[in-house]
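# Residue-level structure breakdown
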Amino acid sequence: MLLLLLLSLHFLAVVMLFFTGMFFVPAYAHFFGTTKEVDGYQIIFQPYPASPITGTNSTLNFSVLASDGNNIYNVYTSVVIADKQTGNPIHQEPYRLYEISDITTRYVFDTPGSYVVTVQTRIPGDAKYASQPLVASFDVSAFPPGIPLDELLLYYVTPAAAVIAGIAVYLHSRNKI
């Protein structure tokens with residue numbers, strides 16, 4: 001009886017693996033953020049936090065996608081950060097091989113201000129971008145430590161407004177306003 005149960009479970013597992021391989025396509029996640037299109041390629045930039053804070057570690061996320069929205073494999077990518085006012089580079093990562101075109105790098109902004117973050121990607125197999133890089137630049141501002149505006153609105157202003165509105169509705173229902 002136990003042998004029959006084990007065989008049926010084994011058969012069920014084989015059937016499940018077979019059908020999941022046939023009917024389900026693997027999911028690929030990409031970053032969501034500011035998008036630029038260059039020669040049919042989509043370049044997406046999403047910093048974390050959305051507004052980098054000086055003196056803290058910021059994560060700069062990029063996705064370089066083909067025209068069909070899929071990742072590109074085995075790309076060589078470099079990231080350059082420059083001061084927006086002067087155009088002088090303040091940080092440059094050398095080209096590095098990425099197996100897929102989702103790129104993440106970390107950087108600590110030392111001073112508040114406006115910066116330009118440029119991703120340069122060489123795409124093997126592309127006639128144009130195998131030898132010269134695909135280039136996309138994005139503006140980013142770093143702020144001094146404190147409460148960022150989006151956090152201030154989300155965690156403090158919105159709940160306070162909801163409480164005030166609730167009190168006003170309550171007082172109005174009691175005919176005190």
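As a starting point, this report considers the structure included with it.

Here we come to the overall build of the chain. Of regular secondary structure, the chain possesses two helices and nine strands. When the helices and strands of the chain are read in sequence order from the N terminus, they spell out α-β-β-β-β-β-β-β-β-β-α. Within the span of the chain, comprising 177 residues, buried residues form 29% of the whole. Long-range pairs, those at least 24 residues apart, make up 59% of the contacts in the chain with a sequence separation of at least 6. Carbon and sulfur atoms form 65% of the exposed surface of the chain, whose accessible area is close to 11,800 Å².

A surface patch of nonpolar side chains, amounting to about 680 Å² of accessible area, comprises Ile-147, Leu-152, Leu-153, Leu-154, Tyr-155, Tyr-156 and Val-157. Take Tyr-155: it is sitting in helix 2 (residues 149-173). On the accessibility criterion, Tyr-155 (53% relative accessible area) is exposed.

Moving on, we get to the nonpolar core. Core analysis: the biggest nonpolar cluster contains 25 residues, and Ile-43, Phe-62 and Val-117 have the highest contact counts within it. Element by element, the count of residues in this core is highest for strand 9 (residues 134-142), at five residues.

About the cut-offs
- Residues numbered from 1 in each chain as written.
- Predicted model: local features only at pLDDT ≥ 70, side-chain atom pairs only at ≥ 80, totals over all residues.
- Heavy atoms only, no water.
- Helix = DSSP H or I, 4+ residues; strand = E, 2+ residues; numbered from the N terminus.
- Buried < 20%, exposed > 50% of the residue type's maximum accessible area, 1.4 Å probe, protein only.
- Contact = heavy atoms within 4.5 Å.
- Areas by Shrake-Rupley, 256 points an atom, 1.4 Å probe, with all protein chains shown as cover.
- Patch = residues over 30% accessible without salt bridge, like charges linked within 9 Å, V, L, I, M, F, W, Y side chains within 5 Å.
- Salt bridge = Lys/Arg side-chain N within 4 Å of Asp/Glu carboxyl O.
- Core = buried A, V, L, I, M, F, W, Y, C linked by side-chain atoms within 4.5 Å.

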